[in-house]
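# Close look at the chain arrangement
So the chains spell out like this:
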Amino acid sequence: MSPLAQLPVPRAALGEAPCWNPAEGALYWTDIPAHQVHRLAADGTHTAWDTGQPVGAIAPRAGGGLALAAKDGFWALDPAGSQLTLLARVEADVPGNRMNDGACDRAGRFFAGTMAEDESPGAGALYRLGPDHAVTRVLGGVGISNGIGWSLDESRMYYVDSLTHRVDVFDYDPASGAIGNRRVFAAAGGGAVVPDGLAVDADGCVWVALWGGGALVRYRPDGRLAQTLQIPAAHVTSCAFGGTDLATLYITTAAGPGAGGGALFSGRPGATGLPANPFRG
Ligand code: CA
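For the structure given in this document, a descriptive report is provided here. As the structure is a computational prediction, the values presented were derived from the model and not from experiment.

What counts and what doesn't
- Counting from 1, residues in each chain are numbered in the order their sequence is written.
- For this predicted model, a pLDDT threshold of at least 70 governs which residues receive local features, and a threshold of 80 or more governs which side-chain atom pairs are given and counted, while totals over whole chains, interfaces and linings are taken from all residues.
- Side-chain measures were taken over the full set of non-hydrogen atoms in the model, leaving aside hydrogen atoms and water.
- Should DSSP find at least two bridges between two strands, the strands are regarded as paired.
- Counting from the N terminus, the helices are the DSSP runs of H or I reaching at least four residues and the strands are the DSSP runs of E reaching at least two.
- Note on geometry: axes are lines fitted to C-alpha atoms, helical ones only across the stretch in contact, with angles between N-to-C directions running from 0 to 180 degrees.
- Burial status follows relative accessibility: with a 1.4 Å probe on protein chains alone, a residue under 20% of its type maximum counts as buried, one over 50% as exposed, and anything between as partly exposed.
- Aromatic pairing here means that ring centres of Phe, Tyr or Trp (its six-membered ring) are within 6.5 Å. Orientation follows from the plane angle: under 30 degrees is stacked, over 60 is edge-to-face, and everything else is tilted.
- Here a donor is an N, O or S atom found within 2.8 Å of the metal, or within 3.2 Å if the metal is Na, K or Ca; sites may look incomplete because water is not among the atoms.
- A pocket here means an open set of points on a 1 Å grid, computed over the protein atoms alone, that has protein on both sides within 12 Å along at least five of seven lines. A cavity is instead a set of points where a 1.4 Å probe fits but cannot get out; residues with an atom within 4 Å of a point line either one.
- Grid points are joined across faces, edges and corners, and a volume is the space filled by probe spheres set on the points.
- Three classes are used, and their members are as follows: Ala, Val, Leu, Ile, Met, Phe, Trp, Tyr, Cys and Pro are nonpolar, Asp, Glu, Lys and Arg are charged, and the others, Gly among them, are polar.
- Here a polar contact is taken to be a pair of N or O atoms separated by no more than 3.5 Å, where protein atoms must pair a possible hydrogen donor with a possible acceptor and residues adjacent in sequence count only if both atoms sit in side chains.

### Side note on the sheet that holds strand S13 (residues 135-142)
- With antiparallel pairing, 4 strands are arranged side by side in an open sheet as S10-S11-S12-S13. Each of the sheet's edge strands pairs with one partner strand only, and the pair in question is strand S10 (97-104) and S13. Neighbour-to-neighbour, the strand axes of the sheet open up by a mean angle of 20°, direction not taken into account.
- Here 6 bridges tie S10 to strand S11 (residues 110-116), and the two strands are oriented antiparallel to one another. Paired with Cys104 across the bridge in S11 is Phe110.

Next up, the structure:
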């Protein structure tokens, strides 16, 4: 692992949802309570947009621009970053909830879940946005819907409900986007330390951010712990591989204990990532 670098961008209150857009050679992430989407280009140019609502997840859009999971639905941000367009409402009738983390499968379906702002157990759900913009509720009774990713063959989907202190796994049908047979993949954290976002690397290993734990943990495909990467911020929220060789790991954090609270970090852990799947709608 190369030493971690703290990138020269503003510290976030709650940095989240790092997403490398290979078409642009740029990293995107959010600051959820600040209602901002940030972009760091390869030439070091930093840009931030006011989205007017909390954004919990970001995916590149196949036609350009971004797809976002935000306060009350899925939205598109145009390539100029100037305009939000509604794709589909989600839980617009539940004012205490907002959308949180998410990711797209290879077919371009955007999975993202919800959570209660007051973190009420069971108040959230997981949704699937199809390329036709139809929304399907695929799981209920969720506490804090967080990291999502797939095994290399897409036969399994990894999923974090932070309140469970687990990374779970579902059988996944890439033809239909259906999930089933939920079971435990790995226990993660405990007490105030909870699993948050995740990224699957090219070896099929699963990197999980530990909120409150000041670390990323890497699990082998069989669920065994392979590596722990210490981060100088207690609240590590998520990670994503990027750079032209997909070998740079970008790590988001939130304000809190630790010298680097709220900072964006990068390092080269020796693993290589996979390009983020775009939303194909
Ligand atoms: Ca999160």
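### As for the pairing of strand S23 (residues 248-253)
- For S23, a buried count of 6 out of 6 residues is recorded, marking the element as mostly surrounded by other parts of the structure.
- Side-chain alternation along S23 places Thr248, Tyr250 and Thr252 on one buried face and Leu249, Ile251 and Thr253 on a second face that is also buried.
- Examined bridge by bridge, strand S22 (residues 236-242) and S23 share 6 bridges and lie antiparallel to one another. Within S23, the residue paired with Ser238 across the bridge is Thr252.
- Where S22 hands over to S23, the hairpin turn is made up of 5 residues, of which Gly243 adopts a positive phi near 85°.
- Where S23 and strand S24 (residues 264-267) come together, 4 bridges link them in antiparallel fashion. Along S24, the bridge assignment pairs Leu249 with Gly267.

### Comments concerning the packing of aromatic side chains
- Applying the stated criterion to the full structure yields 11 aromatic pairs.
- Note on Trp20 and Tyr250: the rings are 6.1 Å apart at their centroids and 10° apart in plane angle, and the pair reads as stacked. Pair noted here: Trp20 is in strand S2 (residues 15-21) and Tyr250 is in strand S23, with a separation of 230 residues, a long-range link. The pair formed by Trp20 and Tyr250 is uniform in burial state, with each residue classed as buried.
- Centre to centre, the rings of Phe111 and Tyr172 are 5.9 Å apart; their planes meet at 70°, and the pair counts as edge-to-face. Here Tyr172 lies in strand S16 (residues 166-173) and Phe111 lies in strand S11, a separation of 61 residues in the sequence.
- Given a relative accessible area of 0%, Phe111 falls into the buried group.
- Every member of this aromatic cluster is reached through a ring pair, and the members are Phe74, Phe110 and Phe279.

### Some words on the coordination of the calcium ion
- Summarising the metal site, the calcium ion is bound by the protein donors Glu16 (OE), Glu16 (OE), Asn146 (OD1) and Asp196 (OD), whose distances to it range over 2.2 to 3.0 Å.
- Here the donor residues for the calcium ion map to a single chain with the spacing E-x129-N-x49-D. Of the two residues, Asn146 sits in strand S14 (residues 145-150) while Asp196 sits in strand S18 (residues 194-200), which places them 50 residues apart along the sequence. An identical accessibility class is assigned to Asn146 and Asp196; each is buried.

### Comments concerning empty space enclosed by the protein
- Counting across every chain of the model gives 2 cavities of 30 Å³ or more.
- Taken as a whole, the largest cavity encloses approximately 50 Å³ of empty space.
- Surrounding the largest cavity, Glu24, Tyr28, Trp49, Gly65, Leu66, Leu77, Asp78, Pro79 and Gly81 form its lining.
- For the lining of the largest cavity, the class distribution of residues is 5 nonpolar, 2 polar and 2 charged.
- Its boundaries defined by the atoms lining it, the second largest cavity holds a volume of some 40 Å³.
- As for the second largest cavity, its lining consists of Val9, Pro10, Ala12, Gly15, Trp29, Thr252, Thr253, Gly262, Ala263 and Leu264.

### Re the environment of Asp31
- Summarising the element assignment, Asp31 is placed in strand S3 (residues 26-31).
- Its relative accessible area of 5% is what places Asp31 among the buried residues.
- Along the primary structure Asp31 and Ala17 are separated by 14 residues, whereas in three dimensions their C-alpha atoms are 8.7 Å apart.
- Only 3.0 Å separates the side chain of Asp31 from the backbone nitrogen of Ala13, close enough to count as a polar contact.
- One polar contact links the side chain of Asp31 to the main-chain amide nitrogen of Leu14, over a distance of 3.0 Å.

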